[in-house]
Amino acid sequence: MNLYSPMLARPAPRPFDDPEWVFEVKWDGVRAISYVSDTLSVRSRNNLELLDRFPELEELKTLCEDVVLDGEIIVFSGGNADFQAVALRTQTSEPGDAEKLAATSPATYVVFDVLEVDGVSVIDQPLERRLETLKTRLREGRHVTRSIPVEGRGVEFYEAATKRGLEGVIAKRRTSTYQPGSRSSDWLKIKQVKSCDCVVFGYTPGEGARTPTFGALLLGLYSDGSPVYVGRVGTGFTDEQLRETRETLDGLRVDAPWFDEPDIPRGAVWVEPRLVAQIGYQALTEDNRLRAPRFQGFRHDKPPRLCSMAQVKPERLEDYYRKRDFGATPEPVGGAATGSGNSYVVQEHHARRTHWDLRLERDGVLVSWAVPKGVPLEPGVRRLAVRTEDHPLEYGGFEGVIPEGQYGAGGVVIWDRGFYVPVKWGADKITVVLSGERLNGRYELVKTSGSEKNEWLLFKIGG
């Protein structure tokens, strides 16, 4: 078998419709080319063997023969691909650790192309023919699935993908050949980019051509009046912006450091927090760093003190974050999904005491109640519902097992989900009309008088 470098995609500014193109989900994971013959090798973009990190992908040997496949390795958390989780697994090569992670954070290999069949390269064939070959040469398994492209409808597909909290889509020309190692205009990546306003607390010295200016700006956001380090940005600047920004920073220098974080390069220069920069980014990592940040410009109309962590991590979720160790629980960190505005979910939660969690999407979070005896199906039945902490939108797709020793330890499965129409939303009374797979009709939540335990009554109205 030949060795192949993966074909790469160029960025595109917006989604589009075109019958000559197909569209696939852009998964947030690790690119991998698999060589399946008498032996199996799964290799990364830099030719690192990944099979020892992802032993569950040995399954490939039972699903196909004598092929070279291209795809993405992802790890799901809360219904979405979790880059933090898959990145952690690439750093683990000890067999015992890899086997343990395969059980607790199993990977899925999403295959989207075939490059070689029975020792013969097919990269010069058009994409649509390669996709037909892939259908016949690969069976799906527990950890291996095949990407299913959508033809022509790129705008609708992009909107559906980003509503689910996915990173974006990949557009591919149907007649395109596979061009190893090339960043071709035949493949385009269209990603959802978020933005936030960050305060500049310092910069790193420049190297090479940037020696006269700076390497990256050190960014922070305020939480309860104190600055929190959220990473650094070094891309997106024009040469003029680099020069002008360095001149401004030289007039703001201070001696005392603002942050003492191990990922801040040595030699950092600190400044008065006067500048506000608009930063584009993909997501917020578990350690509060902006992922793939890019400078978009300065904002001179916004006071630095108004640049809060609530932009990237809603303050309403502080209780949720405080109760969980995301290094141990598979529950979603949140911060990626935008939501539809009126979704709901009911999750059956086998904790110390089995109960059902009712969650209604509201103002960017899932407002939540624990219902010990379940949501009533018939009118006239009243059930206790205890108001709990708000959850991130991504929790609406979460199913899994919360480990022993963690808050809410036990299995979580989705019992029902759908959409609701808010009729009344008050401090002590909420009326909604649910439309889901199991629940349909008008429901009311009424807070019990004088309750200090956030106790509500939940009941169905009418037939």
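Everything below is about the structure printed above this text.
S.K.: I'd like to hear about the nonpolar core, residue by residue, with values.
M.R.: The nonpolar side chains of a soluble globular protein tend to be buried, and buried together. Ranked by internal contacts, the top residues of the largest apolar core, which has 35 residues, are Leu217, Leu219 and Leu290. Contributions of two or more residues to this core are made by strand S13 (194-204), strand S14 (216-223), strand S15 (226-233), helix H6 (239-250), strand S17 (269-271) and strand S18 (276-281). Looking at which element gives the most residues to this core, the answer is S13, with six residues. Residues contacting Leu217, with those up to four places away along its chain left out, are Val200, Gly202, Tyr203, Gly231, Arg232, Val233, Phe237, Thr245, Leu249 and Phe298. Within the second largest apolar cluster, 32 residues are counted, among which are Tyr320, Ala385, Leu393 and Leu434.

S.K.: Residue-level account of the sheet that holds strand S12 (residues 183-191), with values.
M.R.: The five strands are arranged S1-S12-S11-S2-S10 in an open sheet whose pairing can be described as mixed. If you trace the sheet from one side to the other, it starts and ends with strand S1 (8-11) and strand S10 (150-151), each paired once. Sheet topology note: the strand S2 (residues 21-25)/strand S11 (residues 168-173) ladder contains five bridges and is antiparallel. Bridge pairing in S11 links Phe23 to Ala171. Here helix H5 (residues 154-163) sits on the sheet in contact with S2, S10, S11 and S12, set at roughly 155° to S11.

S.K.: Kindly report on unusual backbone geometry, identifying the contributing residues and their values.
M.R.: Positive phi is not limited to glycine here, since Asp118 has a value of about 55°. Structurally, the position occupied by Asp118 is in the loop between strand S7 (107-117) and strand S8 (120-121). On the basis of relative accessibility, which here comes to 48%, the residue Asp118 falls in the partly exposed class. Of note in the backbone geometry, Ala292 takes a positive phi value of approximately 55° without being a glycine. Tracing the backbone through its elements, the reader meets Ala292 in the loop between strand S20 (290-291) and strand S21 (294-298).

S.K.: Explain the pattern of salt bridges to me, and be specific about the residues and the numbers.
M.R.: Per the counting criterion, the structure on display carries 25 salt bridges. Arg89 is the partner of Glu56 in a salt bridge, and the nearest nitrogen-oxygen pair spans 2.6 Å. Taken together, the residues Glu56 in the loop between strand S4 (40-43) and helix H1 (60-63) and Arg89 in helix H2 (residues 83-90) connect sequence positions 33 residues apart. You can call Arg89 buried: its relative accessible area is 0%. Beyond isolated ion pairs, a larger network of salt bridges with shared partners links Lys323, Arg324, Glu331 and Glu389.

Criteria and cut-off values
- Residues numbered from 1 in each chain as written.
- Predicted model: local features only at pLDDT ≥ 70, side-chain atom pairs only at ≥ 80, totals over all residues.
- Heavy atoms only, no water.
- Core = buried A, V, L, I, M, F, W, Y, C linked by side-chain atoms within 4.5 Å.
- Buried < 20%, exposed > 50% of the residue type's maximum accessible area, 1.4 Å probe, protein only.
- Helix = DSSP H or I, 4+ residues; strand = E, 2+ residues; numbered from the N terminus.
- Contact = heavy atoms within 4.5 Å.
- Pairing = 2+ DSSP bridges.
- Axes fitted to C-alpha atoms, helices over the stretch in contact; angles between N-to-C directions.
- Salt bridge = Lys/Arg side-chain N within 4 Å of Asp/Glu carboxyl O.

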